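# Understanding the architecture of this molecule
These are the residues of each chain, in order.
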Amino acid sequence: MKNWRLLFVLPFVIPFLSSGQILYETGQLFPNDIGPGDRFGYSVSVSGKWGIVGAFRDDDAGMNSGSAYVFDMYNQQQLLKLTAADGTELDLFGCSVAANGNLGVVGAETGGSNGAETGFVCVFDLSSGAQVTKLVADDGEPYDQFGDSVALSDSYVAVGAVGDDTGSFLGAGSVYVYDTSLWSEVRKIVPDDVTSDFLFGHSVAIAGSMLLAGAPGDDVYGLNSGSAYLFDMDTGLQVMKFIPADGFQNDGFGLSVALSEEFVVIA
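I will try to describe carefully the structure that is included in this document. (Residues numbered from 1 in each chain as written. Predicted model: local features only at pLDDT ≥ 70, side-chain atom pairs only at ≥ 80, totals over all residues. Heavy atoms only, no water.)

### Observations concerning the overall build of the chain
Quick reminder of the rule: Helix and strand definitions here come from DSSP, where helices need a minimum of 4 consecutive H or I residues and strands a minimum of 2 consecutive E residues; each element is numbered from the N-terminal end. Each radius of gyration reported is based on C-alpha atoms, and the globular scaling rule is 2.2 Å times the count of residues to the power 0.38. Categorising residues by exposure relies on relative accessible area from a 1.4 Å probe, with only protein chains included: less than 20% of the type maximum marks a residue as buried, more than 50% marks it as exposed, and the intermediate range marks it as partly exposed. We call two residues contacting when some pair of their heavy atoms lies within 4.5 Å. Only the protein chains shown count as cover for residues, and all accessible areas are computed by the Shrake-Rupley method using a 1.4 Å probe.
Scanning the chain from N- to C-terminus turns up zero helices and 20 strands. The C-alpha atoms of the chain give 18 Å as radius of gyration, which agrees with the globular expectation for 267 residues (18 Å, within 12%). In terms of its C-alpha atoms, the chain occupies a principal-axis envelope of roughly 50 × 45 × 40 Å. Relative to its 267 residues, the chain shows a buried fraction of 48%. Long-range contacts, defined as pairs at least 24 residues apart, comprise 47% of the intrachain contacts of the chain with a sequence gap of at least 6. Put simply, the chain shows about 12400 Å² of open surface, and 53% of that area lies on carbon and sulfur atoms.

### A closer look at the sheet that holds strand 7 (residues 93-100)
Convention followed: Two strands pair under a simple rule: DSSP has to find at least two bridges between them. Working convention: axes come from line fits to C-alpha atoms, limited for helices to the stretch in contact. Angles between N-to-C directions cover 0 to 180 degrees.
An order of 7-8-9-10 is seen for the four strands of this open sheet, with the pairing classed as antiparallel. Single-partner strands in this sheet number two, and they are strand 7 and strand 10 (131-135). The mean angle between the axes of side-by-side strands here comes to 20°, regardless of whether they run parallel or antiparallel. Where strand 9 (residues 120-125) and strand 10 come together, four bridges link them in antiparallel fashion. Within strand 10, the residue paired with Val-123 across the bridge is Thr-133.

### Thoughts on the nonpolar core
For the record, the criterion: What is meant by a nonpolar core is a set of buried Ala, Val, Leu, Ile, Met, Phe, Trp, Tyr and Cys residues, joined one to another through side-chain atoms within 4.5 Å.
Among the nonpolar cores identified, the biggest contains 18 residues, and Val-175, Ile-189, Phe-200, Ile-206 and Leu-211 are the most heavily contacted of them. Listing elements by their share of this core, those giving two or more residues are strand 12 (156-161), strand 13 (174-179), strand 15 (204-207), strand 16 (210-215) and strand 17 (227-232). When residues in this core are grouped by element, the largest group, three residues, is from strand 16. Excluding residues within four positions of it along the chain, Ile-206 makes contact with Ala-151, Leu-152, Ser-153, Tyr-156, Val-157, Ala-158, Leu-211, Met-233 and Leu-259.

### Considerations on the pairing of strand 11 (residues 146-152)
Here strand 11 lies mainly inside the structure; seven of its seven residues are buried. As paired strands, strand 11 and strand 12 are joined by five bridges and run antiparallel to one another. Residue pairing for strand 12: Leu-152 is matched across the bridge by Val-157. In this structure, the hairpin formed by strand 11 and strand 12 is closed by a connection of three residues.

### Brief notes about the pattern of salt bridges
Note the cut-off: For this document, the term salt bridge refers to a Lys or Arg side-chain nitrogen within 4 Å of an Asp or Glu carboxyl oxygen.
In the structure shown here, the tally under the stated rule is nine salt bridges. We note a salt bridge from Asp-60 to Lys-81, for which the minimum N-O separation is 2.7 Å. You can see Asp-60 sitting in the loop between strand 4 (50-55) and strand 5 (67-72) and its partner Lys-81 sitting in strand 6 (residues 77-82), a full 21 residues away along the chain. A relative accessible area of 49% means that Asp-60 is categorised as partly exposed. A salt bridge links Lys-241 to Asp-193; the shortest N-O distance between them is 2.7 Å. Here Lys-241 is found in strand 18 (residues 238-242), whereas its partner Asp-193 is found in the loop between strand 14 (185-189) and strand 15, with 48 residues between them in sequence. Each of Asp-33, Asp-58, Asp-60 and Lys-81 takes part in salt bridges that share partners, so that together they form one network.

No statement about biological role is implied by the geometric values presented.
Right, here's the structure in full:
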């Protein structure tokens, strides 16, 4: 099976590109102990000098327990390998990663102690590799897949639980918001019009106090056409729903999202 690798281009060159110019990678990231089927590169995040790369099928703590690697983006050297302090087989630790400042968060959507695929998220100090805390949903249940997606800012951690149920709506999905001071749960976010198999929270992004979350299972234009939502994390209020003008069934709009202070990107 092919070993995965990550290619990257240093971001500061982007503003100087001319129209149609092609960029080539300036380096490649490889873990020191890569193995067949580790799925290195499945999830990635960058903050300053730190780059985090997930390998959710790594087997250090058992089959598919998962791991994440921390790199110095300036010289492409591996600095740390992150694993959950209590990791076990089939956790899929590294299915999602996010970095901000000197902190990193890593999701394990099928781990947890509340039953199969409850999920958990670990927070790490990227300068030392020390595990700062472990986040779990207060109301976590089997197959919630808490940690399927993660996002991190100075003030908040957002965690998608794509399999979470809302009332009678199975697989509706939700997003849990935690503060970064006490690592306590602030609120749980669910869209106003959620239904079964909505898959809300499959993707999340944060900018300031705003949260963008995808719902690729939404059926607004037909089965799994998809949508995305903008929320104010300070209040929990739904601000906006995004759907494409030319949406069609099985588009999966909302599978991935990105957010800045000025722009929303949804794929």
